[in-house]
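# Structural overview
Each chain, written out:
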Amino acid sequence: MPDPINIQTRILNGASDGPRCLITGGVHGDEFESMHAIRRLSRSLDPATLRGTLTLAPVVNESAYNRRHRTGDDELDLARICPGSPDGTVSMRTAHALTQLIAAADYYIDLHTGGTGLAVWPLAGYGLHHDPAILDTQRRMARAFNLPLVWGTCGKLDGRSLSVARDHNVPAIYAEYHGSAVCLPHGVDAYVDGCLNVLAEIGMIDRPHPPSAIQWVIEDDRPNAGHMQICHPAPMSGYFDPVVHLGQQVQKGDPLGAVCDILGDTVQTLTAELTGIVITLHTYPKIDKGDGLVVIADTDYALIDRKARNVTN
Ligand SMILES: [Zn+2]
């Protein structure tokens, strides 16, 4: 039996009773806003003001973090192999350890970014849970997090941290903020604020609701709506030059960018397959045929758009 994985955590025991909340970052090893924000949370939160227990894990996937990559030494994606196994490869054992943390929580927040190759428009997401009470809690958590997009997607995807939470009936959300192998200070700020907003929403701290920053609430229950790697595949290998930006509204058929070869003689244009908001861009220019270059959130499924921005809980 290989050594078990010990995910490094900081546990804040509140001065009074309350729920147990888990916040994780670094499920993918190259996602930095999440790691930095969680460390700042652990430094700045005073347990005397906390009700319940907060478990903070800045870097779940140390194997991936140490090789400066999305995945660990075995190249398995931690967010596709949960709940893992106690006697598998390093990622399988990490997934198993993460599953134990999630199963012990009453609420769960998993912070991501676009990693090295992608940038993501700030969003808080959740799976459309079959249990209406859990779904309602997830909606409240995601709106409380207070990023521009609140995005509910198909709850049936397996292998994720959120599918572990679903299977243990733990209300859970994830968040995305930029990426591209940098660590944006305003992304870290937004993540710290978002986590504190959710902790207030679930009664673990006192904190006034900030003005809403939500621009869209979209719930799209089609299979794979939340699967970012398979949208708008590159028509050929080469250099990708996008002509849209994160948060931009596009119509079906609009150009999204072009892929060219080394001399620029061969150029293929990528066009939008649907009408909506650009939420993910491949920002690392060298791409391979089939790489997902752009994700568009389908505004046909919008519950609230910016014309009705007075979103409250
Ligand atoms: Zn991630």
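Residues numbered from 1 in each chain as written. Predicted model: local features only at pLDDT ≥ 70, side-chain atom pairs only at ≥ 80, totals over all residues. Heavy atoms only, no water.

When its domains are assigned, the protein chain resolves into domain 1 (10–220) and domain 2 (228–297). The distance between the C-alpha centroids of domain 1 and domain 2 comes to 27 Å. Opposite the 16 residues of domain 1 that make contact, domain 2 presents 16 residues. At the boundary of domain 1 with domain 2, the tally comes to zero salt bridges. Here domain 1 is connected to domain 2 by five residue pairs in polar contact (both at pLDDT 80 or more). The set of elements that each furnish at least two residues to the side of domain 1 that touches domain 2 consists of β5 (118–128), β6 (149–154), β7 (172–179) and β8 (216–220). Examining the composition of the side of domain 1 that touches domain 2, we find that five residues originate from one element, β5, more than from any other. Tallied by class, the residues present in the side of domain 1 that touches domain 2 amount to nine nonpolar, four polar and three charged. (Domains from an automatic or database assignment. Contact = heavy atoms within 4.5 Å. Salt bridge = Lys/Arg side-chain N within 4 Å of Asp/Glu carboxyl O. Polar contact = N/O pair within 3.5 Å; in protein donor to acceptor, adjacent residues only side chain to side chain. Helix = DSSP H or I, 4+ residues; strand = E, 2+ residues; numbered from the N terminus. Nonpolar A, V, L, I, M, F, W, Y, C, P; charged D, E, K, R; others polar.)

Bound to the zinc ion are the protein donor atoms His28 (ND1), Glu31 (OE), Glu31 (OE) and His112 (ND1), situated 2.1 to 2.4 Å from the metal. One can describe the donor arrangement at the zinc ion as irregular, given that its four donor atoms subtend angles of 56 to 145° at the metal. Read in sequence order, the donor residues coordinating the zinc ion give the pattern H-x2-E-x80-H. A residue pair is termed long-range when its members are at least 10 positions apart, and His28 in the loop between β2 (16–24) and α1 (32–44) and His112 in strand β4 (residues 107–112) qualify at 84 residues. (Donors = N, O, S within 2.8 Å, 3.2 Å for Na, K, Ca; no water. Tetrahedral: all angles 85-135°; square planar, octahedral: opposite > 155°, others 65-115°.)

Glancing now at the nonpolar core. Core analysis: the largest hydrophobic core is formed by 41 residues, its most contacted members being Cys21, Ile23, Leu54, Ile109, Leu111, Phe145 and Leu199. Sort the elements by how many residues they give to this core and helix α6 (residues 185–201) lands first, with nine residues. Sequence-distant contacts of Leu111, that is, excluding residues within four places in its chain, are made with Ile23, Thr24, Gly25, Gly26, Glu31, Ser34, Ile38, Phe145, Ala175, Tyr191 and Cys195. With 33 residues, the next largest nonpolar core counts Leu22, Ala172, Ile218 and Val295 among its residues. (Core = buried A, V, L, I, M, F, W, Y, C linked by side-chain atoms within 4.5 Å. Buried < 20%, exposed > 50% of the residue type's maximum accessible area, 1.4 Å probe, protein only.)

Turning to the sheet that holds strand β11 (residues 255–260), a few remarks are in order. Read across the sheet, four strands follow the order β12-β11-β9-β14 without closing on themselves; strand pairing throughout is antiparallel. Strands with a single pairing partner mark the edges of an open sheet, and in this sheet they are β12 (267–271) and β14 (286–287). (Pairing = 2+ DSSP bridges.)

When you line up the elements, Val267 lands in strand β12. The class for Val267 is partly exposed, based on a relative accessible area of 48%. Through-space distance from the C-alpha of Val267 to that of Phe240 is 9.8 Å; in sequence the pair is 27 residues apart. Ignoring any residue separated from it by four or fewer positions in sequence, one finds Val267 in contact with Ala258, Val259 and Cys260.

How two aromatic rings sit relative to each other is given by the distance of their centres and the angle of their planes. Tallying each qualifying case throughout the model produces two aromatic pairs. Aromatic pair Phe145 and Tyr191: ring centres 5.9 Å apart, planes at 85°, arrangement edge-to-face. Taken as a pair, Phe145 in helix α4 (residues 132–145) and Tyr191 in helix α6 lie far apart in primary sequence, 46 residues in all. On the basis of relative accessible area, Phe145 is assigned to the buried category, the value being 1%. Relative to Tyr191, the ring of Tyr177 has its centre 5.9 Å away and its plane inclined at 75°; by these criteria the two rings are edge-to-face. In this pair, Tyr177 sits in strand β7 while Tyr191 sits in helix α6, placing the two residues 14 residues apart along the sequence. Considered together, Tyr177 and Tyr191 belong to a single accessibility category, that of buried residues. Following the ring pairs from residue to residue traces out a cluster consisting of Phe145, Tyr177 and Tyr191. (Phe/Tyr/Trp six-rings, centres within 6.5 Å; stacked < 30°, edge-to-face > 60°.)

Take the pattern of salt bridges next. Side-chain pairs of opposite charge can arise where the charged atoms are in close proximity. With the rule as written, the count across this model stands at 16 salt bridges. In this structure, Asp206 engages Arg51 in a salt bridge whose closest nitrogen and oxygen atoms are separated by 2.9 Å. One end of the pair, Asp206, is in the loop between α6 and β8; the other, Arg51, is in strand β3 (residues 51–57), with 155 residues separating them in the sequence. A salt bridge links Asp158 to Arg166; the shortest N-O distance between them is 2.6 Å. When its relative accessible area of 14% is taken as the criterion, Arg166 is described as buried. Each of Glu31, Arg70 and Asp77 takes part in a single network of salt bridges with overlapping partners.

Among the secondary structure elements, Pro86 is positioned in the loop between α2 (62–66) and α3 (90–103). On the basis of relative accessibility, which here comes to 33%, the residue Pro86 falls in the partly exposed class. Remark: the alpha-carbon pair of Pro86 and Ile5, spanning 81 residues in sequence, is separated by 8.5 Å. In this view, Pro86 contacts Met1, Pro2, Arg93 and His96; residues no more than four positions away in its chain are not counted.

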